[in-house]
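Coordinate analysis (summary)
Chain residues, written in single-letter form:
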Amino acid sequence: MEPGLLLIFAIFGIGIVAGVPVAFCLGIAAVAGFLYEGLNPAVAFQQMASGMSIFSLLAIPFFIFAGELMLHGGIARRLVALASAAVGWMRGGLGMVDVSTSMLFGGISGSAVADTSATGVILIPAMKAKGYGVDYAVSLTVTSSIAGILIPPSHNMILYSLAAGGGISVTALFIAGIVPGILMCLLLAVAAYVMAVRRGYPADGWQGFRHLAWAFVDALPGLLTAVIILGGVLSGIFTVTESAAFGTIWALLVTVFVYRALSWESFVVAVRASVRTTAVVFLLVGTATAFAWLLAMYRLPDLLTEGMLAISDNPIVILLMINVCLLLLGCVMDMAALILITTPIFLPVVVAIGMDPVQFGMVMMMNLGLGLTTPPVGAVLFVGCAIGNIRIEHIMKTIIPFWGAILVALALTTYWPAVSLTLPRLLLGYGG
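The following refers to the structure shown. Every value quoted in this text rests on a predicted model; they were computed, and no experiment measured them.

Rules used in this analysis
- Residues numbered from 1 in each chain as written.
- Predicted model: local features only at pLDDT ≥ 70, side-chain atom pairs only at ≥ 80, totals over all residues.
- Heavy atoms only, no water.
- Helix = DSSP H or I, 4+ residues; strand = E, 2+ residues; numbered from the N terminus.
- Buried < 20%, exposed > 50% of the residue type's maximum accessible area, 1.4 Å probe, protein only.
- Areas by Shrake-Rupley, 256 points an atom, 1.4 Å probe, with all protein chains shown as cover.
- Lys, Arg positive; Asp, Glu negative; His and termini not counted.
- Charge placed at Lys NZ, Arg CZ, Asp CG, Glu CD.
- Core = buried A, V, L, I, M, F, W, Y, C linked by side-chain atoms within 4.5 Å.
- Contact = heavy atoms within 4.5 Å.
- Polar contact = N/O pair within 3.5 Å; in protein donor to acceptor, adjacent residues only side chain to side chain.
- Salt bridge = Lys/Arg side-chain N within 4 Å of Asp/Glu carboxyl O.
- 1 Å grid on protein atoms, 1.4 Å probe; cavity = no way out; pocket = protein on both sides within 12 Å on 5 of 7 lines; lining within 4 Å.
- Points joined across faces, edges and corners; volume = space filled by probe spheres on them.
- Nonpolar A, V, L, I, M, F, W, Y, C, P; charged D, E, K, R; others polar.
- Expected span 1.5 Å × (residues − 1).
- Axes fitted to C-alpha atoms, helices over the stretch in contact; angles between N-to-C directions.
- Parallel < 35°, antiparallel > 145°, perpendicular 65-115°, else oblique.
- Left-handed = near helix turned anticlockwise from the far one by under 90°.
- Patch = residues over 30% accessible without salt bridge, like charges linked within 9 Å, V, L, I, M, F, W, Y side chains within 5 Å.

Counting its secondary structure elements, the protein chain contains 22 helices and zero strands. With respect to the three principal axes, the spread of C-alpha positions in the protein chain is 70 × 45 × 45 Å. Burial status across the protein chain gives 54% buried among its 432 residues. Accessible surface, the protein chain: about 17300 Å² in total, of which carbon and sulfur atoms supply 71%. Computing the positive centroid from 15 side-chain charges and the negative centroid from 16, the protein chain places the two 17 Å apart.

Right, here's the structure in full:
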């Protein structure tokens with residue numbers, strides 16, 4: 001292996017172990033690599049600037065801001081009420097409500113952390129009051145929130161398209177995430193139901209179609225946010241960035257003028273949180289672009305492809321190795337950083353064995369999403385445990401069946417292309 005490659009990975013690894021933020025680890029390692037190769041360090045900063053100057057990235061702050069508005073503006077509470085009216089009558093009904101709400105809210109906000117925050121503050125206390133175990137409530141809320149990463153819109157898919165060189169359609173990625181996201185949620189619902197039956201959790205009574213209809217009407221303005229975003233993209237009226245902007249405007253209008261739940265103080269909190277998250281994401285994009293440029297210069301993707309094919313030329317084995325690698329990395333690093341770092345490394349490998357890039361995008365989203373729910377760096381896990389006021393070690397046994405459900409969905413998405421590619425082919429004529 002090239003000494004320069006060893007150097008940048010050593011610097012990056014030492015920074016991670018020392019607790020330095022990932023974006024700074026990437027930037028420092030990139031600058032060190034440029035200096036080692038005798039290149040002008042200004043080139044590193046040019047790469048960072050070019051990575052952050054891509055127009056399609058403008059959709060990311062809009063999606064993040066829309067999610068924050070919905071979190072603080074009453075949309076989440078109405079989605080919970082709609083899900084409760086639809087599936088709350090089942091055994092362990094609040095667990096079913098949790099999964100259903102994650103599907104609905106994730107399909108609007110596109111953020112697992114926002115999903116956990118929005119539904120967790122409502123459903124975790126409600127489940128505790130109904131006699132559900134706190135470990136069950138937190139585990140289900142945390143794992144079902146991954147729906148926000150798969151069910152469109154998802155700013156992580158925009159990052160994946162960028163990391164892949166921009167040649168993958170974001171629209172195709174959005175549509176491809178629908179079936180894997182729903183499949184994962186259905187498997188989580190089965191696991192939640194089985195556990196609820198074993199623990200004897202209660203079922204709420206059916207409140208009738210009238211109540212369901214009123215809950216749907218009340219939630220409809222919020223649900224239209226997703227219709228505007230996806231409908232605009234699929235119809236060709238808007239680009240992804242334009243749809244994100246119009247969706248954000250609609251969410252603001254709904255929370256202020258329809259629900260009248262967004263106070264000035266809440267608006268300021270939403271703006272601050274959005275700016276902070278956007279700044280982190282864009283700094284990661286810039287430093288990861290410079291880091292990826294060095295990886296390409298050292299031919300790391302080619303070397304990795306040759307190495308894996310030397311171990312086995314069986315696609316099943318190679319995909320298993322990649323999945324295990326991503327799962328392990330997801331336990332110790334942030335998702336956005338891993339998308340930007342690992343996509344240029346692993347994408348050439350999977351393409352070489354015949355996997356479609358859109359399908360691999362879904363595998364990566366689900367895989368790294370699972371990492372958000374695992375210690376020691378699982379951001380979503382920390383948020384859920386903080387809301388439930390429970391220590392991480394106290395939910396480890398309970399969360400394992402839900403991890404198992406996600407792994408089954410991951411296996412089906414990995415080895416059955418139709419799961420992720422059928423809808424893009426039917427709706428978009430995708431031929432990748």
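This next bit is on the nonpolar core. Counting residues in hydrophobic clusters, the biggest one holds 122 residues, and the most contacted among them are Y136, M184 and F360. Residue contributions to this core peak at twelve residues, all from helix α18 (residues 335-352). If we ignore the near neighbours within four places in the chain, the residues touching Y136 are G92, G95, M127, A192, M195, A196, R199, Y201, T398 and F402. Listed in part, the 14 residues of the second largest apolar core include M70, L82, F105 and A251.

Within the secondary structure, T287 is located in helix α15 (residues 264-297). In terms of polar contacts, T287 uses its side chain to reach the backbone carbonyl oxygen of L283, at 3.0 Å. In this view, T287 contacts A23, L26, G27 and M48; residues no more than four positions away in its chain are not counted.

All right, on to the pattern of salt bridges then. Where charged atoms from two side chains of opposite charge come close, those side chains can pair. For the coordinates displayed, the defined rule picks out three salt bridges. D218 is the partner of R78 in a salt bridge, and the nearest nitrogen-oxygen pair spans 3.3 Å. Within this pair, whereas R78 is found in helix α5 (residues 75-87), its partner D218 is found in helix α13 (residues 208-235), the two being separated by 140 residues in sequence. The partly exposed category is assigned to D218, whose relative accessible area is 36%. Residue R391 is joined to E393 by a salt bridge in which the shortest nitrogen-to-oxygen separation is 2.5 Å. Since its relative accessible area comes to 53%, R391 is described here as exposed.

Turning our attention to the layout of surface pockets. By volume, the second largest pocket amounts to about 280 Å³. Around the second largest pocket sit 15 residues that line it, and F9, L329, I341, T342 and I345 are the ones nearest its centre. Only α1 (3-17), α16 (300-311), α17 (315-330) and α18 provide two or more residues apiece to the lining of the second largest pocket. With five residues, the top contributor of residues to the lining of the second largest pocket is α18. Residue classes in the lining of the second largest pocket are distributed as 13 nonpolar, two polar and no charged.

As a further point, take the side chain of T143. One can find T143 in helix α8 (residues 134-144). By relative accessible area, which is 0% here, T143 ends up buried. Within the structure, the side chain of T143 is placed 3.3 Å from the backbone oxygen of L140, a separation counted as a polar contact. If near-sequence neighbours (up to four positions away) are discounted, T143 is found in contact with M184, L188, T373, I399, F402, W403 and I406.

Turning our eyes to something else, we now look at unusual backbone geometry. Its identity as a non-glycine residue notwithstanding, R260 has a phi of 50°, on the positive side. One can find R260 in the loop between α14 (240-258) and α15. The residue N389 is not glycine, and still its phi comes out positive at about 55°. When its relative accessible area of 70% is taken as the criterion, N389 is described as exposed.

Compared with the 50 Å implied by 1.5 Å per residue over 34 residues, the 50 Å span of α15 between its first and last C-alpha is a close match. Just beyond α15, the residue with positive phi is R299, at close to 60°.

This brings us to the environment of A405. Structurally, the position occupied by A405 is in helix α21 (residues 396-415). On the accessibility criterion, A405 (8% relative accessible area) is buried.

What follows deals with the environment of S274. Here S274 is to be found in helix α15. Taking relative accessible area as the criterion, S274 reaches 4% and is therefore assigned buried. For the pair S274 and P61, spaced 213 residues apart in sequence, the C-alpha to C-alpha distance is 6.9 Å. Sequence-distant contacts of S274, that is, excluding residues within four places in its chain, are made with I64, F65 and E68. Of the polar contacts made by the side chain of S274, one reaches the backbone oxygen of A270; its length is 2.7 Å.

Packing of α1 against α15 brings their axes to within 10 Å, and their N-to-C directions diverge by 150°. As summarised for this structure, α1 and α15 are arranged roughly antiparallel, according to the angle between their axes. Remark: the crossing between α1 and α15 carries left-handed chirality. Together, L5, I8 and F9 of α1 and F291, L294 and L295 of α15 make up the contact between the two elements.

Side chains of F246, I249, L253, V256, F257 and V258 sit close together on the surface and give an oily, nonpolar patch of about 550 Å² of accessible area. Overall, F246 belongs to the partly exposed group, its relative accessible area being 42%.

Taking 1.5 Å per residue as the helical rise, helix α12 (residues 178-199) with its 22 residues ought to reach 32 Å, and the 31 Å between its terminal C-alpha atoms agrees with that figure. All of the buried residues in α12 are P180, G181, M184, C185, L188, A189, A191, A192, M195 and A196. Backbone geometry just downstream of α12 places G200 in the positive-phi region, at approximately 70°.

Any link to function would need more than the numbers given here.
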